[in-house]
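Letter by letter, the chains look like this.
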Amino acid sequence: MFIDIDCSQMKKYNQNAYGDYFVSKRYPDEARLVAVLSDGLGSGIKANILSCMTATMLLQFISNDQIPIRQAAEIVMNSLPVCKVRHISYSTFSAIDCYDDGNAKIVEEGNPEFIWIRDGEVMTPPYETIQSKTFKNRRMKVYKIKLKLGDRLIFCSDGVTQSGLGGGRLKLGLRREGLIVLLKDKLAENPEVSSSEFANYIVNQARNIETDRKPKDDISACVLYFREPREALIFTGPPFHQQKDKEYAQMFQNFKGKKAICGGTTANLISRELSIPIRMDSTISVGKLPAISYMDGVDLVTEGILTLTKTLEYLENGTLDIDNAAGKLVKFLLDSDCIHFMVGAKLNQAHYDPALPIEIEIRKNIIKKMANVLQDKYFKKVDVQYM
Amino acid sequence: MDKKISVKVCLGTTCFVMGSANLQELIDTVPAKYGDKVDVSGVPCLGLCSIDWEFSKAPYVKVDDEVIKEATVEKVLKAIDEKLK
């Protein structure tokens, strides 16, 4: 199973920093994902610092595998300072440690209870309560659950469940019940909705029921969706040993999923080995990049280094809607969950001629950076094979 | 003349940065000037810079079998005119 995870956030009205903090990390080797959502006391910079510290420390504890999630959360719960003014703890949190096989452990302290939806129904998992040894008013809930294909988990900060509080229609706010109705309606309308769209939807709905659409608290929603992975392969650069061209071309052909080729020489190589003709677009360049070309059985064919460099730039800056070859490659990547790169190690000496008007990066380096961005910023599962 | 002249503009990385990006106007001017006698298209890579890298004369354009080095719109049009003579 692939875990599609995303978080959407909105700041409290008139604040310039987020008071909730979300971090997540994927471990492709262990088929594991760890995520933490923390809500800092108050709002603005102070809350931002508190929630950021709580979330990153928890993630660090859990992910280094030194401390199991339950103990890690307990340590944090027992040691979170108390606010002098309000006499409550500095931050609240939810943390999840889950595996691709569906096994998951979840701990919550202070945040609204998470919502688990299977086949349109809300599940009620059993949990264990752990009382803090140092603070009487703190207790955390520990869940151990087994997820199935199609399940969804929704975590949110109290900014969601308390949205609309004191307003005209919902005097007590949206609350958990109201949120569940919203979630079910959305899923009935679009059962396959992605985590990113779902999280945005929740946050926007919460904002919409606030008086004058001005959030009275920071609003965050984190969604996990367990589904079949969408696989993609990017073949870029000719293999170091030319005699292996055929072998790698065969691997490209046999791959089940979406395929892209980045590189003129690479496209020629695949075309030659697999006898697939290449058709060019009727333009030469779009947006300062060479136009794409077409091959049967390949979803996207672009030029190599220039397009990859631009794609990396778009991914880093979050520019996602550009109509050129790099924009198409960004869309190709973001529409996939598991991305495999086959990277040829052969260099074209001509690219390193100092007479060239721009500096051309080494393919390997770009792909390395791209893999990191895709993993860390877009939560994709990435593997890179050099050839 | 029956056979069409084929003009292939290399859009590989080297050629593109060395100026084939500026050959876009061939796509528009050639059909206007020569009608359907000439066929212009881009190609992913002609593979010439990697062979000739020490003395790279990118951008390359191929007019039928003739390779035009350091191609410009003028050079390409001249080569087409020669072929049509």
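This structure is a prediction, so every number in the text was calculated from the model and none was measured.

## So, the overall build of chain A
Moving on, step 1. Helices and strands together make up the secondary structure of chain A, namely ten helices and 20 strands.
Moving on, step 2. Oriented by its inertia axes, the alpha-carbon framework of chain A measures out at about 70 × 45 × 45 Å.
Moving on, step 3. Evaluated residue by residue, chain A yields a buried proportion of 46% over its 387 residues.
Moving on, step 4. Taking as baseline every contact in chain A between residues at least 6 positions apart, the subset at least 24 positions apart corresponds to 67%.

## Section: the pairing of strand β12 (residues 231-236) of chain A
All names here are of chain A.
Moving on, step 1. Here β12 lies mainly inside the structure; five of its six residues are buried.
Moving on, step 2. With six bridges connecting them, β12 and strand β19 (residues 338-343) associate as parallel partners. Opposite A232, over in β19, you have I339 as the bridge partner.
Moving on, step 3. Sheet analysis places β12 next to strand β13 (residues 258-262), joined by five bridges and oriented parallel. Its bridge partner being in β13, L233 is matched across the sheet by K259.

## Structural notes on the interface of chain B and chain A
Moving on, step 1. Across the contact, 23 residues belong to chain B and 26 residues belong to chain A.
Moving on, step 2. Contributions of two or more residues to the side of chain B that touches chain A are made by α1 (13-17), α2 (24-34) and β2 (38-43) of chain B.
Moving on, step 3. Ranked by residue count, the leading element in the side of chain B that touches chain A is α1 of chain B, at four residues.
Moving on, step 4. Grouping the amino acids of the side of chain B that touches chain A by side-chain chemistry returns 13 nonpolar, ten polar and no charged.

## Overview of the environment of A17 of chain A
All names here are of chain A.
Moving on, step 1. Structurally, A17 can be placed in the loop between β1 (2-10) and β2 (20-27).
Moving on, step 2. With 138 residues separating them in the primary sequence, A17 and F155 have C-alpha atoms 20 Å apart.
Moving on, step 3. Those residues in contact with A17 that lie beyond four places of it in its chain are K11, G44, I45 and N48.

## A short note on the nonpolar core
Moving on, step 1. If you look at the biggest cluster of nonpolar residues, it comprises 68 residues, and the most contacted ones within it are V7, V9, C10 and V61 of chain B.
Moving on, step 2. The element that contributes the greatest number of residues to this core is helix α8 (residues 305-317) of chain A, accounting for six residues.
Moving on, step 3. Ranked by size, the runner-up nonpolar core spans 63 residues in total, among them F2, A35, V107 and I202 of chain A.

## Describing the domain arrangement of chain A
Residue and element names in this part refer to chain A.
Moving on, step 1. Parsing chain A into structural domains produces domain 1 (2-227) and domain 2 (231-386).
Moving on, step 2. One C-alpha centre belongs to domain 1, the other to domain 2, and the line joining them spans 37 Å.
Moving on, step 3. Taken together, the seven residues of domain 1 in the interface contact six residues of domain 2.
Moving on, step 4. Elements supplying a minimum of two residues to the side of domain 1 that touches domain 2: β1 and β2.
Moving on, step 5. Sorting elements by how many residues they give to the side of domain 1 that touches domain 2 places β1 first, with four residues.
Moving on, step 6. Grouping the amino acids of the side of domain 1 that touches domain 2 by side-chain chemistry returns three nonpolar, one polar and three charged.

## Things to note about the sheet that holds β1 of chain A
Residue and element names in this part refer to chain A.
Moving on, step 1. Read across the sheet, five strands follow the order β1-β11-β10-β6-β7 without closing on themselves; strand pairing throughout is antiparallel. The outermost strands of the open sheet, each flanked by one partner alone, are β1 and β7 (121-122).
Moving on, step 2. One ladder, built from two bridges, connects strand β6 (residues 115-118) with β7; its direction is antiparallel. Residue I117 lies in a different strand from β7, and its bridge partner there is V122.
Moving on, step 3. Sheet contacts for helix α4 (residues 175-189): β6, β7 and β10 (152-156); angle to β6, the most-contacted strand, approximately 30°.

## Focus: helix α10 (residues 363-376) of chain A
Residue and element names in this part refer to chain A.
Moving on, step 1. Here α10 contains 14 residues, and its C-alpha end-to-end distance of 20 Å stays within 8% of the 20 Å for a straight helix at 1.5 Å per residue.
Moving on, step 2. If you check which residues of α10 are buried, you get R363, I366, I367, M370 and L374. Projected onto a plane normal to the axis of α10, the buried residues spread over an arc of 95° and lie on a single side.
Moving on, step 3. On its buried side, α10 packs onto β12, α8, α9 (325-334), β19 and β20 (381-386).

Reading guide: rules and limits
Residues numbered from 1 in each chain as written. Chains lettered and ligands numbered in written order. Predicted model: local features only at pLDDT ≥ 70, side-chain atom pairs only at ≥ 80, totals over all residues. Helix = DSSP H or I, 4+ residues; strand = E, 2+ residues; numbered from the N terminus. Buried ≥ 20, exposed ≤ 12 C-beta atoms within 10 Å, placed from the backbone. Contact = placed C-beta atoms within 7 Å. Pairing = 2+ DSSP bridges. Nonpolar A, V, L, I, M, F, W, Y, C, P; charged D, E, K, R; others polar. Core = buried A, V, L, I, M, F, W, Y, C linked by C-beta atoms within 7 Å. Domains from an automatic or database assignment. Axes fitted to C-alpha atoms, helices over the stretch in contact; angles between N-to-C directions. Expected span 1.5 Å × (residues − 1). Arc of directions from axis to C-beta.

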